[in-house]
Amino acid sequence: MVFGGDLEEALSAFEELRRGPKAEYYFKWSVLSFGCCLTIHHIISPWIFTRYNKLYRNLPRSHRMEWDSRVVSSIHATIVSILCVTALVTNADLWYNPAIGVTHSGLMALSISIGYFLCDAISMPFYWKNYQLIIFILHHSAACLAFFYVVRYRTCVFFGVYRLTTELSTPFVNQRWFYRTIGYKPDRRRVACVTLIFAIFFIVTRNLMILPFWFMAYISYGSDAYKICTRYIPLIVPVFVLSCGLLDCLNIHWAFRTCRLGYKAAKLLWTADWQSDICKARTHLHKRLRNLQQRVAFKAKSDMSLKPTLTENHQSNSSLSEQISSGPSSSNYSTSDSELESVHSDLDFKVSPENDLNNSNSIYPNSSQNLIDDDIKLVHRS
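Since the structure is predicted, the reported quantities are computational estimates derived from the model, not experimental observations.

Cut-off values and rules
Residues numbered from 1 in each chain as written. Predicted model: local features only at pLDDT ≥ 70, side-chain atom pairs only at ≥ 80, totals over all residues. Heavy atoms only, no water. pLDDT = per-residue confidence, 0-100. Contact = heavy atoms within 4.5 Å. Helix = DSSP H or I, 4+ residues; strand = E, 2+ residues; numbered from the N terminus. Polar contact = N/O pair within 3.5 Å; in protein donor to acceptor, adjacent residues only side chain to side chain. Salt bridge = Lys/Arg side-chain N within 4 Å of Asp/Glu carboxyl O. Buried < 20%, exposed > 50% of the residue type's maximum accessible area, 1.4 Å probe, protein only. Core = buried A, V, L, I, M, F, W, Y, C linked by side-chain atoms within 4.5 Å. Patch = residues over 30% accessible without salt bridge, like charges linked within 9 Å, V, L, I, M, F, W, Y side chains within 5 Å. Areas by Shrake-Rupley, 256 points an atom, 1.4 Å probe, with all protein chains shown as cover. UniProt positions renumbered as here; feature names shortened; annotations may be inferred. Phe/Tyr/Trp six-rings, centres within 6.5 Å; stacked < 30°, edge-to-face > 60°. Expected span 1.5 Å × (residues − 1). Lys, Arg positive; Asp, Glu negative; His and termini not counted.

**Points about the confidence of the model for the chain**
1) Next: Mean pLDDT over the chain works out to 79, with 75% of the residues at or above the 70 mark.
2) Next: Note that residues 1–5 has pLDDT below 50 and, in this model, twelve contacts with residues that lie over four places away or in other chains.
3) Next: Note on residues 328–382: pLDDT is under 50 here. Beyond four places in sequence and across chains, it has 20 contacts.

**As for the environment of S30**
1) Next: With respect to the helices and strands, the residue S30 is situated in helix α2 (residues 23–52).
2) Next: Taking the C-alpha atoms as reference points, S30 and G115, separated by 85 residues in sequence, lie 4.5 Å from one another.
3) Next: In contact with S30, not counting residues within four places along its chain, are S111, I114 and G115.

**Considerations on the side chain of T103**
1) Next: With respect to the helices and strands, the residue T103 is situated in the loop between α5 (93–96) and α6 (104–123).
2) Next: One polar contact links T103 to S105, side chain to side chain, over a distance of 3.4 Å.
3) Next: In this structure T103 touches A87, N91, L94 and V157, once residues within four positions along its chain are discounted.

**Some words on the pattern of salt bridges**
1) Next: Enumeration according to the criterion identifies two salt bridges in this entry.
2) Next: Across the pair E66 and R70 runs a salt bridge, and its minimum N-O distance is 3.0 Å. Here E66 and its partner R70 are both found in helix α4 (residues 61–90), four residues apart, which amounts to about one turn of the helix.
3) Next: Among the salt bridges present, the one from D248 reaches R163, with a minimum N-O distance of 2.4 Å. With D248 in helix α13 (residues 236–270) and R163 in helix α8 (residues 157–164), this pair connects stretches of sequence that are 85 residues apart.
4) Next: Looking at R163, the relative accessible area reads 12%, which means it is buried.

**Quick notes on the nonpolar core**
Soluble, globular proteins show a tendency: their nonpolar side chains are buried together.
1) Next: If you look at the biggest cluster of nonpolar residues, it comprises 45 residues, and the most contacted ones within it are L107, L110, F147, F158, F159, V161 and L164.
2) Next: Going through the elements one at a time, α2, α4, α6, α7 (130–153), α8, α11 (210–220), α12 (224–232) and α13 are the ones with two or more residues in this core.
3) Next: Those residues in contact with L164, other than ones at most four positions away along the chain, are V80, C84, A109, L110, S113 and F147.

**Side note on the environment of T39**
1) Next: Mapped onto the elements of the fold, T39 is located in helix α2.
2) Next: Classification of T39 as partly exposed rests on a relative accessible area of 34%.
3) Next: C-alpha of T39 to C-alpha of C119: the two residues are 80 residues apart in sequence and 9.9 Å apart in space.
4) Next: Separated by 2.8 Å, the side chain of T39 and the backbone oxygen of G35 make a polar contact.

**Here we look at a nonpolar patch on the surface**
1) Next: On the surface, a cluster of nonpolar side chains totalling about 560 Å² of accessible area is made up of I43, I44, W47, I48 and Y52.
2) Next: Along the chain, I48 falls in helix α2.
3) Next: The class of I48 is partly exposed, set by a relative accessible area of 36%.

**Some words on unusual backbone geometry**
1) Next: Phi is positive for N130, close to 55°, though the residue is something other than glycine.
2) Next: Turning to its location among the elements, N130 is positioned in helix α7.
3) Next: Classification of N130 by relative accessible area gives exposed; the value is 63%.
4) Next: You will see that C156, though not glycine, has its phi angle at about 55°, which is positive.
5) Next: By the element assignment, C156 lies in the loop between α7 and α8.

**A word on the UniProt feature "transmembrane region" (unreviewed entry) in the chain**
1) Next: UniProt records the feature "transmembrane region" (unreviewed entry) at residues 26–50, 71–89, 131–151, 191–215 and 235–256, using the numbering of this structure.
2) Next: Structurally, residues 71–89 is divided into 100% helix and 0% strand, and its ends, taken at the C-alpha atoms, are 27 Å apart.
3) Next: Taken end to end, residues 131–151 has its terminal C-alpha atoms 30 Å apart, with 100% of it in helix and 0% in strand.

**Quick look at the packing of aromatic side chains**
1) Next: Taken as a whole, this structure holds 28 aromatic pairs when the rule is applied.
2) Next: Among the aromatic residues, ring-to-ring pairing joins W95, F158, F159, Y162, F213, W214 and F240 into one connected group.

**A look at α6**
1) Next: If you check α6, its first and last C-alpha atoms are 29 Å apart, about what 20 residues at 1.5 Å a residue would give, namely 28 Å.
2) Next: When you tally the buried positions in α6, you get 16 out of 20 residues, the bulk of the element.

**Regarding the side chain of E167**
1) Next: Locating E167 in the fold gives a position in the loop between α8 and α9 (170–181).
2) Next: Put simply, E167 is tucked away with no salt bridge, and the nearest opposite charge, on R206, sits 4.3 Å away.
3) Next: At 2.9 Å, the side chain of E167 forms a polar contact with the side chain of T170.
4) Next: Those residues in contact with E167 that sit more than four places away from it in its chain are H76, A77, V80, S81, F117 and R206.

In structure tokens, the structure reads:
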């Protein structure tokens, strides 16, 4: 094997299938994804839910950390699921040439997932311990290693994108966890619906789709593109087999509990009295609409009753302004000299001759301090 050789030159015969940015471009997206996930997990999500969600504030710290982690997980799963499904649906070359076919949206999804898995692996020790922590560290490590090889050498993109469609079930399992955390019991209708959807997506994407995956891998084995990849990419076969095999084992391990949850949810929904629930929902909806109409009518009536009052206030304010603007000439009130004299005669100032002399030499003759120092006495006339 010639490890480290020029893979692109060796695959020059398949140039039409390998157009697009190189690996360095996609690794920049991995770094950006890592930073965004850290920011959402440790800054944005805690700030939003602490400010607006009382239930979140009452949770223990470990549960709040897991809550924030699942928020990031749902955002990541939604984005990469859209990218992966788009790549598989719109790019037929991936299906015909799974070993060397390249798609921009698929590589974007894989590079974003690398950043997310690294961020989640760093954050998990804060809220998970022992068994769960080990399981998810293994899961994230296997996924990161496989996706790194795919993005670095831009080979086996189909297999990476195909495996990443398993994220379709993640938003539903997270939503079920949110419901259970805030106190909803499993027999609640909305919890049962989310559980059933999660179980269906999980079984289909993580278990049933294993068979087509390994069938496509078997078809690609021994092809010319496969031989070139094994010659120029170090350890591609062990990495491919071990990482995918480990992920399949973990998914099968989780499938047993998922099947039980899905069966219970399906049984609950099947035996539910949907007719009564629909009638209750219709009655509740009509009641809310009626209350809304009453509030709108009351508001309109209040606005109509306020209009005459506002008009009267405006007229009174206008007349008052006119009276003020008419000036002193139009006023009938005048201050007589006798009234002014009575006001001034209420106070009688008695100043001693000595203090009068000092007062004339004072620097601040009108200041209150000089009045006190000069012993000026203010005597009220009895």
